[in-house]
Amino acid sequence: MEPTIAAAHEHTWAIYGGILTENSWEKSLKPDADMAEAYVVVVAPSWTFYWLFEKKISLSVEAQLGKHFAGQDHWEINLPIVGFRWHPFPWNAHVDTSFAWGIGPSYASQIPEIELINSDKSHHWLIHWYGEFSFGPPSADWEFLARLQHRSDGFGALHGGSSNALCAGLRYRF
């Protein structure tokens with residue numbers, strides 16, 4: 001059975017949570033990453049607006065509203081305005097899988113404490129990007145997601161620090 005590929009204009013809602021790390025994004029992905037006592041919960045609606053290469057890649061926009069708690073207490077709004085998702089994996093008939101990456105602006109309602117700890121500096125406005133794998137039953141309207149969420153100054157383009165969160169959650173398509 002072939003997995004169902006989304007309609008031309010797909011809408012989704014995701015809810016996920018995660019723990020922040022005290023490391024660079026590369027080190028955050030390693031088993032010995034240093035976890036901070038800081039957490040985030042995010043709701044994220046998205047809209048897929050275009051397909052490329054015979055529906056192998058989809059383009060989307062996503063809005064994220066996150067609430068930080070424990071080691072820091074603020075709201076974060078991210079708008080990854082350029083997101084792409086790679087759909088074809090050889091095992092999709094058994095486990096529908098995709099990889100996504102997106103980038104856009106990020107606004108924090110207060111200067112994030114973890115960014116000050118990591119970099120001695122931060123700013124309300126920074127750049128946000130994420131990398132994500134999602135997987136679920138073929139043809140289902142829901143899927144699990146695992147995401148690295150990153151906020152930074154874009155290699156010095158802005159004046160700020162950086163933070164990373166390792167996240168997991170669920171997405172529903174409609």
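Our subject is the structure listed above.
So, here's what we can say about the structure. This one's a predicted model, so the numbers in the text were calculated from it and none came from an experiment.

### A word on the overall build of the protein chain
And then number 1: A tally of regular secondary structure across the protein chain gives 2 helices and 10 strands.
And then number 2: The order of α-helices and β-strands along the protein chain, N terminus first, is β-α-β-β-β-β-β-β-α-β-β-β.
And then number 3: Its C-alpha atoms give the protein chain a radius of gyration of 16 Å, near enough to 16 Å, the size a compact globule of 174 residues would have.
And then number 4: With the principal axes as the frame, the protein chain shows a C-alpha extent of 50 × 30 × 25 Å.
And then number 5: Counting only contacts in the protein chain whose residues sit at least 6 apart along the sequence, the fraction spanning at least 24 positions is 60%.
And then number 6: Summing over all exposed atoms, the protein chain offers an accessible surface of approximately 9,100 Å²; the carbon and sulfur share of this is 68%.
And then number 7: The positive charge centre, built from 11 side chains, and the negative charge centre, built from 19, are 5 Å apart in the protein chain.

### Considering the nonpolar core
And then number 1: Grouped together as the largest cluster of nonpolar side chains are 12 residues: Ala14, Tyr16, Leu20, Ala36, Ala38, Val40, Val42, Ala44, Ile114, Leu145, Ala165 and Cys167.
And then number 2: Of all the elements in the fold, those that place two or more residues in this core are strand E1 (11-21), strand E2 (35-52) and strand E10 (162-173).
And then number 3: Among the elements that line this core, the one with the most residues is E2, at 5 residues.
And then number 4: Ignoring sequence-local partners within four residues, the contact set of Ala165 consists of Ile19, Leu20, Val40, Arg147, Leu148 and Gln149.

### Describing the pairing of E1
And then number 1: As paired elements, E1 and E2 share 10 bridges and run antiparallel to each other. For Gly18, the partnering residue across the bridge sits in E2 and is Val40.
And then number 2: Two strands pair when backbone bridges link them, and E1 and E10 are joined in this way by 10 bridges, in the antiparallel orientation. Note on E10: the bridge partner recorded for Gly17 is Ala168.

### Considering the pattern of salt bridges
A side chain with one charge may pair with a side chain of the opposite charge, provided their charged atoms come close.
And then number 1: The full count for this structure, using the stated rule, is 10 salt bridges.
And then number 2: The partner of Glu143 in a salt bridge is Arg173, with the nearest N and O atoms 2.9 Å apart. Highlighted residues: Glu143 in strand E9 (residues 142-152) and Arg173 in strand E10, separated in sequence by 30 residues. Of the two residues, Glu143 and Arg173, neither departs from the other in class, the shared state being buried.
And then number 3: Each of Glu10, Glu62, Arg85, Glu132, Glu143, Arg147, Arg171 and Arg173 takes part in one network of salt bridges that share partners.

Calculation criteria
Residues numbered from 1 in each chain as written. Predicted model: local features only at pLDDT ≥ 70, side-chain atom pairs only at ≥ 80, totals over all residues. Heavy atoms only, no water. Helix = DSSP H or I, 4+ residues; strand = E, 2+ residues; numbered from the N terminus. Rg over C-alpha atoms; globule rule 2.2 N^0.38 Å. Contact = heavy atoms within 4.5 Å. Areas by Shrake-Rupley, 256 points an atom, 1.4 Å probe, with all protein chains shown as cover. Lys, Arg positive; Asp, Glu negative; His and termini not counted. Charge placed at Lys NZ, Arg CZ, Asp CG, Glu CD. Core = buried A, V, L, I, M, F, W, Y, C linked by side-chain atoms within 4.5 Å. Buried < 20%, exposed > 50% of the residue type's maximum accessible area, 1.4 Å probe, protein only. Pairing = 2+ DSSP bridges. Salt bridge = Lys/Arg side-chain N within 4 Å of Asp/Glu carboxyl O.

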